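Chain by chain, the residues:
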Amino acid sequence: NTHALFVNGSTGKVGINDSSPTGNLSINGLNITYLTRAYTMSTSPVEVLRLSGFGNTPCFIRVYRQDATSPQGSQLIELYVASYGSGANSSAANLVQENKVSEGSIHGVTFTEAIVTNGINISVTGDDAGGEAQNLSFEVHHPTGTVSVL
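First, a word on what this report is: a plain description of the structure on this page. Since the model is a prediction, treat every value here as computed from it, not as a measurement.

All right, on to the overall build of the protein chain then. A tally of helices and strands in the protein chain yields zero helices and twelve strands. Ordered by position from N to C terminus, the α and β elements of the protein chain give β-β-β-β-β-β-β-β-β-β-β-β. Computed over its C-alpha atoms, the radius of gyration of the protein chain comes to 16 Å, within 12% of the 15 Å expected for a compact globule of 150 residues. In terms of its C-alpha atoms, the protein chain occupies a principal-axis envelope of roughly 50 × 30 × 25 Å. Put simply, the protein chain has 150 residues, and 37% of those count as buried. Working note: accessible area of the protein chain is about 7400 Å², and carbon and sulfur atoms make up 51% of it. Measuring between centres, the 6 positive side-chain charges of the protein chain sit 7 Å from its 11 negative side-chain charges.

Below you can see the structure in the form of structure tokens.
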């Protein structure tokens, strides 16, 4: 294999047995993308991620959430997204959320999905309107497509 380890110097993306990585890290075509986003707790949905070019591709998203203000706390959430579509276009999607572990007095959140023109948008809705600052870190495992922060 001529690309057992490939590093794209201009994007910083790394491929193992993959000369065209689309995620931060691609291993044999499975991409892992790492993204972060600040979020202010709201009882209205806030779009945080876009999954583009997924078509019929499922993905797994691990969310590391930290409360930056009082009440202090942290949470680990796993999201499973399955989509249906033709080619790179998704025409339907379903998201399942598993709250794995939390510590401290952190308010709850719910993630939802919506089909949009350029893919699937992932939104987060808090259970408190207090406006606490949150730090969201995403680890997205996906075989195709791209992931971006909104």
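Backbone-to-backbone hydrogen bonds join strands into a sheet, with any given pair of strands oriented parallel or antiparallel. Here four strands make up an open sheet; going across it, the order is β9-β10-β5-β12 and the pairing antiparallel. Among the strands making up the open sheet, the edge pair consists of β9 (109-116) and β12 (146-149). Recorded for the sheet is a direction-independent mean angle of 25° between the axes of neighbouring strands. One ladder, built from four bridges, connects strand β5 (residues 46-52) with β12; its direction is antiparallel. By the bridge assignment, Arg 50 is partnered in β12 with Ser 148.

The rules behind these values
Residues numbered from 1 in each chain as written. Predicted model: local features only at pLDDT ≥ 70, side-chain atom pairs only at ≥ 80, totals over all residues. Heavy atoms only, no water. Helix = DSSP H or I, 4+ residues; strand = E, 2+ residues; numbered from the N terminus. Rg over C-alpha atoms; globule rule 2.2 N^0.38 Å. Buried < 20%, exposed > 50% of the residue type's maximum accessible area, 1.4 Å probe, protein only. Areas by Shrake-Rupley, 256 points an atom, 1.4 Å probe, with all protein chains shown as cover. Lys, Arg positive; Asp, Glu negative; His and termini not counted. Charge placed at Lys NZ, Arg CZ, Asp CG, Glu CD. Pairing = 2+ DSSP bridges. Axes fitted to C-alpha atoms, helices over the stretch in contact; angles between N-to-C directions.

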